[in-house]
Structures are given as C-alpha cells and as structure tokens.
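Report on the structure
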Amino acid sequence: MDSLNQLMNSLSPYFKCNKARLYCLSAMLLALISVRTVNLRELAVAFAGKALLDSKHRRLRRFFSLFKIDFIMIARWIFSLYISESEKIYLTIDRTNWYWGKSKINILTLAIAYEGMAIPILWKALDKAGNASAKEHIQIIDRFIKIFGVTCIEGVLGDREFASQELFTWCCKDNQAIPFYIRVKDNANVKIFKGKGHAVKKLFNQLNPKEHTPYMNPVTLYGTKVYVVGSRSESGELMVVVTNQAPNNAIAIYLRRWEIETLFSCLKGRGFNFEETRLTDQDKVEKLMAVLAMATAWVHKVGEWQTEKKPIRFKKFRNGQRRPHYSYFRYGLDFLRETILQISDRFDDFIECVALLPSKKNELEAEL
C-alpha cells in the first residue's frame, strides 16, 4: 500500500477527483503494468486492496462507467513529462482498429514523435469502421492547439489517409500556418504553374531505386501550393510526400511517422495487450486509452532513466548492422514491472520511478 500511496501523492496535484477515484486510477496503473493486459478481470487480480476479487472487478467496471476523466489534464501531464518550455515537436497522427465480435474499435490518435516511439497525447474513439474524415483530423489537431498553442508544432506527419484538401487548406491558413509532411497517392493530380494537371508520379519517372529527390518548384495539389518529394524503394515502389515547408529533408522527417506504429504495437502485443479489452462503448474505450497513455508515458520515461544508469546493449549482425536489444519502452516496462512485483525488496527503486513524474502543478503550468 505504501507504493500506492506514493503514486497517489504524485498524481494528486494534477487530477481533481475524490480520493476513491484517485485510488482506483493509481491502483489500475500499477495493476496494468504488473499483469500487462487491459482485461478487467485480470486487472482485478492485481488490484490493490483486501476486497474480494468480484468486488474489485465491479469497481473497475464502475470506474469506466461513471468516472469522468479530464483528458486535457492528462494531455498536459504527459506533455510536461517529455517536452520542455519552447521545445518544438513533431506530431504524428494515425488510427488503430480491430474487431471484438461484431463491434469495431477504431481510435484516432495524435501523438508526439519521440525517441523512436510516439507518445500518445490526444485520441478519439470513432463511431464507425474505416477512415476518419478530414473534419475529424482537423478537430483533433485543433484540440492540441487550443491546449498547447501552435508555436510548438514543428510539423504534422501523416500517411495517405490524411491527405485532403480540407486539411491542407486548414494547415495553410495565415493565422496558424501549421507545417505538415504527409504522404499522398502516386496518382494524385498536381498542376505545375498554370499547366495541365497530371499524376504526381510522372515527376519522378527518372528516379532510380534507393534514391529520393525533391521537386524543387512548388506545385498545386488540392488547391494548395505545396512541395513534393519522391523516394523509390529498393523494390521500385514510389513514395511521394508533400509539405508546405522546404522539401530537402521531407522524407527523413516523414519517416518519423512510423513511431506511431511502434506506439500501437506497444499498446497491443508488445506491451499492454489493448486488443484483449471487452469494452466497446466509445466513452469507455477513450477512458481506457487514457490509462494506457499514462502507463506508456511513465514506462518509457523509466526506460530512458535506466538507460542513463545502464545503457542498452546492442546486437551485432553479420551485415555489420547494430541494433539495440530492446527499446526504451521494453526496458522501462520490465524494470518497473519487476519493481512493482518485488516491491518489498525494491521500494527504493519504486520511489525513484515515481520521482520521474511531474512533481508540482505550478511547474507544469510554468512550462505551458
């Protein structure tokens, strides 16, 4: 219980809720990291307290049914954990989706590109299968701007699903001018100066495999002046990225979009097994995503801290490449999980893990 009290004391300055709700949130975070699944029955097994298992299970269900989560406060808490004042960031946007029975779970997520794995900051459970609309893309980015402002955005990164006239026009408004690096289909119609429109892939007919190059003149795409950059893979597949910024580094910047895919894999099989949830109601799924976002942010921060103390070893391959044995996320998850499960012997380690979290509300507000 001492470990639970330590976490509650750390979170209490930020989350305005009664002690019972804060207890439930804190105990759920510790249980989630311990059992590595969002299945409520499994969480109840690791949930702190002397109540019967069925009582704990009902309490968790009530949490998702009745408790109102302040998503803005959670976004600010996560932001302050990673981003310092005046720091510029890349935002990456994507969806993750799966079926539970006949119910489709579809979550639009906006995350901060960070050290190889994106950190979730805002999300929206969609009431449909398939792609989100351009309006929904704009709404989630606009939510970020209303909380944190536009000046901290170095760029918005998105796959082909996010290429639209509405989003491009909105990003290029004079009063905000949001940089973006978004992939488009290679048959997207572009116009050069006032010439006739043609497929953008024709601009890169001479591009060889394993090469990339920008088309240095601006083109008109979806009624917006943009730059286009082409990159051809070893197999010959063409990737076209559009941006409203200088195009020279557009491909390297866009490729950081992949960090959100790493995030989704950590939320699922490599981490917390998100797909094991039996929650399908949109409101409950968004609350569960909030708990997952907090756990993911904490675990990744612990992994960074541990790397400073004991660097991650690298594997060597025959082709000369070197890759780390595991990610910050996995390093932090294993350390924090082991610490929680052996809390009587490693309470000092747990105190240090909690100390990595934001410590004072006024410090958070000063950064914002």
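Read on for an overview of the structure. (Residues numbered from 1 in each chain as written. Predicted model: local features only at pLDDT ≥ 70, side-chain atom pairs only at ≥ 80, totals over all residues. Heavy atoms only, no water.)

**Regarding the overall build of the chain**
Helix and strand counts for the chain stand at 13 helices and twelve strands. Relative to a compact globule of 368 residues, whose C-alpha radius of gyration would be 21 Å, the chain shows 22 Å and is just as compact. Along the longest, intermediate and shortest principal axes, the C-alpha atoms of the chain span 75 × 50 × 45 Å. Among the 368 residues that make up the chain, the fraction classed as buried is 52%. Summed over all atoms, the accessible surface of the chain reaches about 17,900 Å², with 47% contributed by carbon and sulfur. The averaged location of the 38 negative side-chain charges in the chain is 5 Å from the averaged location of its 55 positive side-chain charges. (Helix = DSSP H or I, 4+ residues; strand = E, 2+ residues; numbered from the N terminus. Rg over C-alpha atoms; globule rule 2.2 N^0.38 Å. Buried < 20%, exposed > 50% of the residue type's maximum accessible area, 1.4 Å probe, protein only. Areas by Shrake-Rupley, 256 points an atom, 1.4 Å probe, with all protein chains shown as cover. Lys, Arg positive; Asp, Glu negative; His and termini not counted. Charge placed at Lys NZ, Arg CZ, Asp CG, Glu CD.)

**Quick look at the environment of Leu-22**
Relative to the assigned elements, Leu-22 resides in helix α2 (residues 19–35). Owing to a relative accessible area of 7%, Leu-22 belongs among the buried residues under this scheme. A sequence separation of 17 residues divides Leu-22 from Asn-39, and the C-alpha atoms of the two residues are 20 Å apart. Those residues in contact with Leu-22 that sit more than four places away from it in its chain are Met-8, Leu-11, Ser-12 and Cys-17. (Contact = heavy atoms within 4.5 Å.)

**Notes on the sheet that holds strand β2 (residues 103–112)**
Read from one edge to the other, the open sheet built from ten strands follows the order β3-β2-β1-β4-β5-β10-β9-β8-β6-β7, with strand pairing classed as mixed. Lying at the two open borders of the sheet, with one neighbouring strand each, are β3 (119–125) and β7 (198–199). Relative to strand β10 (residues 238–243), strand β9 (residues 224–232) runs antiparallel, the two sharing six bridges. Bridged to Tyr-227 within β10 is Thr-243. Each of β1 (89–100), β2 and β3 is contacted by helix α5 (residues 71–82), which is oriented at about 160° to β3, the strand it contacts most. (Pairing = 2+ DSSP bridges. Axes fitted to C-alpha atoms, helices over the stretch in contact; angles between N-to-C directions.)

**Some words on the pattern of salt bridges**
Throughout the structure, instances matching the rule amount to 16 salt bridges. Across the salt bridge formed by Lys-124 and Glu-286, the nearest N and O atoms sit 3.9 Å from each other. Remark: Glu-286 occurs in helix α10 (residues 282–309) and Lys-124 occurs in strand β3; sequence separation between them is 162 residues. Beyond isolated ion pairs, a larger network of salt bridges with shared partners links Asp-94, Asp-159, Arg-257 and Glu-261. (Salt bridge = Lys/Arg side-chain N within 4 Å of Asp/Glu carboxyl O.)

**Comments concerning α10**
Between its first and last C-alpha, α10 extends 41 Å over 28 residues, near the 40 Å set by a 1.5 Å rise per residue. Taking burial as the measure, the 28 residues of α10 include 23 buried ones, the bulk of the element. A distance of 3.1 Å separates the backbone nitrogen of Asp-283 from a side-chain oxygen at the start of α10, and that oxygen is part of Asp-281. (Expected span 1.5 Å × (residues − 1). Polar contact = N/O pair within 3.5 Å; in protein donor to acceptor, adjacent residues only side chain to side chain.)

**Some thoughts on the nonpolar core**
One recurring pattern in soluble globular proteins: nonpolar side chains tend to sit buried together. By size, the foremost hydrophobic cluster in this structure holds 121 residues, and its most contacted members are Ile-121, Phe-144, Phe-274 and Trp-298. Ranked by residue count, the leading element in this core is α10, at 14 residues. Grouped together as the second largest cluster of nonpolar side chains are eleven residues, Tyr-90, Ala-113, Ile-251 and Tyr-254 included. (Core = buried A, V, L, I, M, F, W, Y, C linked by side-chain atoms within 4.5 Å.)

**Remarks on the packing of aromatic side chains**
Pairs of aromatic rings are described using the distance from one ring centre to the other and the angle between the two planes. With the rule as written, the count across this model stands at 17 aromatic pairs. When the centroid spacing of 5.2 Å and the interplanar angle of 80° are considered together, the rings of Phe-63 and Phe-64 count as edge-to-face. In terms of burial, Phe-63 and Phe-64 fall into one category: buried. Taking the centre distance of 5.7 Å and the plane angle of 80° together, the rings of Trp-305 and Phe-335 count as edge-to-face. With Trp-305 in helix α10 and Phe-335 in helix α11 (residues 328–341), this residue pair connects regions lying 30 residues apart in the sequence. Comparing Trp-305 with Phe-335, the two get one shared label, buried. An aromatic cluster is built from Phe-63, Phe-64 and Phe-67, whose rings are joined through pairwise contacts. Between the NZ or CZ atom of Arg-278 and the centre of the ring of Trp-100, over which it lies, the distance is 3.9 Å. If you follow Arg-346 out to its NZ or CZ, it ends over the ring of Phe-335, 4.9 Å from the centre. (Phe/Tyr/Trp six-rings, centres within 6.5 Å; stacked < 30°, edge-to-face > 60°. Lys NZ or Arg CZ within 6 Å of the ring centre and 35° of its normal.)

**With respect to helix α12 (residues 347–355)**
Listed as buried for α12 are Phe-350, Cys-353 and Val-354. Down the axis of α12, the sector holding all buried residues measures 95°, keeping them to one side. Structural note: α12 exposes Asp-348 and Ala-355 on the side pointing more than 90 degrees away from its buried face. Where α12 is buried, its residues contact α1 (2–11), α2, α10 and α11. (Arc of directions from axis to C-beta.)

**Quick notes on the packing of α2 against α11**
Helices that pack against each other are described as a pair by the angle of their axes relative to one another and the distance between those axes. Interhelical geometry of α2 versus α11 gives an angle of 110° and a closest axis separation of 8 Å. The pairing of α2 with α11 is recorded here as roughly perpendicular in orientation. The handedness of the crossing between α2 and α11 is left-handed. On α11, the residues touching Leu-30, Ile-33 and Ser-34 of α2 are Leu-333, Leu-336, Arg-337, Ile-340 and Leu-341. Residue composition of the contact of α2 with α11, grouped by class: six nonpolar, one polar and one charged. (Parallel < 35°, antiparallel > 145°, perpendicular 65-115°, else oblique. Left-handed = near helix turned anticlockwise from the far one by under 90°. Nonpolar A, V, L, I, M, F, W, Y, C, P; charged D, E, K, R; others polar.)

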